[in-house]
Amino acid sequence: DVPVPGKVSTRFDLEKETELRFEVESGEAAEQVELELLTGMAEVFGSELNRNKKYTFGPGSKIAVFTWQGCSVNLYGKPEVAYVSKDTPMLLYLNTHAALEQMRKQAERDNERGPRVMVVGPTDVGKSTVCRLLLSYAVRVGRRPTLVELDVGQSGVSVPGTVSALCIERPADVEEGFSVQAPLVYHFGSTTPGTNIKLYNKLTSCLAEVFSQRCEGNRKASVGGCIINTCGWVKGSGYQALVHCASAFEVDVVLVLDHERLYNELKRDLPHFVRVVLLPKSGGVVERSKECRRDTRDEKIREYFYGFRGVTFYPFSYEVRFSDVRIYKIGAPSIPDSCLPLGMSQDDTQLKLVPVTPGRDLTYHVLSVSSAEDGEEGARKGIVESPVCGFIVVTNVDTQTQVMKVLSPAPRPLPRHTLLIMDIRFMDMK
Ligand code: ATP
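All values reported here derive from a predicted model rather than from experimental measurement.

Enquirer: Would you take a moment to explain the overall build of the protein chain for this structure?
Expert: If you tally the helices and strands in the protein chain, you get 9 helices and 25 strands. Judged by the C-alpha coordinates and their principal axes, the protein chain covers about 65 × 55 × 40 Å. Out of the 430 residues belonging to the protein chain, those deemed buried represent 50%. Contacts in the protein chain between residues far apart in sequence, at least 24 positions, make up 73% of those at least 6 positions apart. Entry remark: accessible area of the protein chain is about 20,600 Å², with carbon and sulfur atoms responsible for 49%.

Here you go:
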């Protein structure tokens, strides 16, 4: 219990099955808060704390320190709020994990596949947190589950505007979350599925197919199963997208957080062998404003280029000639059915690649670098279904010289020359 210089310290003694919730002020000038476990055992979203180690949480962090047996902790610094709650759904979440683990054991015995779980609910009910918890508990008992991230607004894996899959091999780091190495990422291009629901469903199917293929060749991945995090849009096409996802992944379990109507609808519309379970949300989950979501998205892109906490990246800035790349937007604006060319459907327009002529309005846009082989027309077909190999941001466009300047995580040249434009923009204030 060595004091942190210049910081007030507050001690909390927690009884068993209670949690300390605290929030760190947001904003650049906000002071970080440090957490130290003094006695007993405790975990943060499923990852165990080491005793006498100081964990640092930056501006905007919202954390719960939960203890099964009781513990005491110190907080150093001035959190915006800090309180202990006895009322948490952690026991229900742990029981859910135990049930999933039973399914994995049975899968192992019967040479079947492990549980495929979809976590759904409106915004701010703690979907991502429940996914993190279940994944961390699963790896802690030796499983190798896969995280499927379908939340295009707040992706925990890659930059916003993408869907992805990540094999989880160790519990989430208390401060940084899951280690993101070699995720499989697809370009969606905007922060809500509603901008192109056909594309969204298509990419969900792509991920499901790749995951199933991996399960065929990898028994551990198959038994580990997957946890799918979804968007908070649960009405209309958003609801249809959930039903589509359930069928594409052939999910066995759907966890509905805090939404009885959604629970009833899914029970009605999904096949009877799918177990739909209603779970309460934690009272600790904090509602996030639009601005807060936007800041988190910006931060995610910044991290991609500049690194996170201890790890600093040094991105490159270089010029790319228009003639060296092909830029596309996925999805043409929809036109009335009566105006569509013969034999073409609205679906085709939403998945169509529309060439983008580089101009000043490209500035600040995030572009995905498609892994599709370079090549003309023939290769175009597979671009929508090809994963991306990285992202760049356009920082300047010179139409006179037909050159654009880009921010890139790697030095020139670009690994591929097919670029997909996102609606998302990033202004580099560094
Ligand atoms: P989205 O609407 O973006 O999909 P979500 O439903 O996935 O949101 P989370 O991202 O899991 O919600 O949680 C929202 C915030 O609440 C996060 O910052 C998370 O750290 C915090 N949080 C979750 N559970 C708790 C808790 N028990 N105590 C304190 N904070 C918590």
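From this point, the discussion proceeds with the structure in view.
Enquirer: What is the right way to read the packing of helix H3 (residues 197-217) against helix H5 (residues 236-248) from this model?
Expert: Angle between the axes and distance between the axes are the two parameters that describe a pair of packed helices. It is at 9 Å that the axes of H3 and H5 come closest, and there the two elements cross at 20°. Judged by the inter-axis angle, H3 sits roughly parallel to H5. In the packing of H3 onto H5, the handedness of the crossing is right-handed. Contacts from Ile197, Tyr200, Asn201, Thr204, Ser205 and Ala208 of H3 reach H5 at Ser237, Ala241, His244, Cys245 and Ala248. Here the contact of H3 with H5 is built from residues that sort into 6 nonpolar, 5 polar and no charged.

Enquirer: Would you mind going over the sheet that holds strand S13 (residues 184-187) with me for this structure?
Expert: Pairing between the strands of a sheet is mediated by backbone hydrogen bonds and can be parallel or antiparallel. Across the sheet, which stays open at both edges, the 7 strands sit in the order S13-S12-S11-S14-S10-S15-S16 with mixed pairing between neighbours. With partners counted over all chains shown, the strands left at the sheet margins are S13 and strand S16 (275-279), one partner each. Geometrically, the sheet is characterised by an average inter-axis angle of 15° between neighbouring strands, direction not taken into account. Bridging between strand S12 (residues 162-167) and S13 involves 4 bridges; their strand directions are antiparallel. Along S13, the bridge assignment pairs alanine 165 with leucine 184.

Enquirer: I keep staring at unusual backbone geometry and nothing clicks. Help me out?
Expert: Note: most peptide bonds trans; most residues except glycine with negative phi. Following arginine 412, the chain continues to proline 413 via a peptide bond in cis, the omega torsion being 5°. Its place among the elements puts proline 413 in the loop between strand S24 (403-408) and strand S25 (418-425). Phi at aspartate 124 is positive, roughly 55°, even though this residue is not glycine. By secondary structure assignment, the location of aspartate 124 is in the loop between strand S10 (116-120) and helix H2 (127-140).

Enquirer: For this particular structure, what's the right way to read the side chain of serine 222?
Expert: Assignment of secondary structure puts serine 222 in helix H4 (residues 219-224). For serine 222, the contacting residues outside a window of four places in its chain are Glu112, Arg113, Gly114 and Cys215.

Enquirer: Quick question: what am I supposed to make of the site of the ligand here?
Expert: Looking at the ligand, there are 21 residues lining it, with Lys62, Gly126, Ser128, Thr129 and Arg288 nearest. Calculation on the ligand without its partners gives an accessible area of 640 Å², and the protein chains cover 91% of this total. Put simply, the parts of the chain that give the shell around the ligand at least two residues each are strand S2 (18-23), strand S7 (62-67) and H2.

Cut-offs applied
Per-chain numbering applies: the sequence of each chain, read as written, is numbered from 1 onward. This being a predicted model, a pLDDT of at least 70 is required before a residue's local features are given, and a value of 80 or more before pairs of side-chain atoms are given or counted; all residues contribute to the totals for chains, interfaces and linings. Only hydrogens and water are removed before side-chain values are computed, so all heavy atoms of the structure are retained for them. Runs of H or I in DSSP of at least four residues are treated as helices and runs of E of at least two as strands, each being numbered from the N terminus. Relative accessibility thresholds used throughout: buried, under 20% of the residue-type maximum; exposed, over 50%; partly exposed, between the two (1.4 Å probe, protein chains only). By the convention used here, residues are in contact when the closest approach between their heavy atoms is within 4.5 Å. Each accessible area value is a Shrake-Rupley result obtained with a 1.4 Å probe; residue values ignore everything except the protein chains displayed when judging cover. Interaxial angle, 0 to 180 degrees, is taken between N-to-C directions of lines fitted to C-alpha atoms, where a helix line uses only the stretch in contact. In this scheme, roughly parallel covers angles under 35 degrees and roughly antiparallel covers those over 145, while 65 to 115 is roughly perpendicular and the rest are oblique. Take the far helix as the reference: if the near one is turned anticlockwise from it by less than a right angle, the crossing is left-handed, and if turned clockwise, right-handed. Polar here means any residue other than Ala, Val, Leu, Ile, Met, Phe, Trp, Tyr, Cys and Pro, which are nonpolar, and Asp, Glu, Lys and Arg, which are charged; Gly is therefore polar. At least two DSSP bridges between two strands are required for those strands to pair. Throughout, near means a residue has at least one heavy atom within 4 Å of the molecule or strand.

Interpretation in functional terms is not warranted from these geometric data alone.
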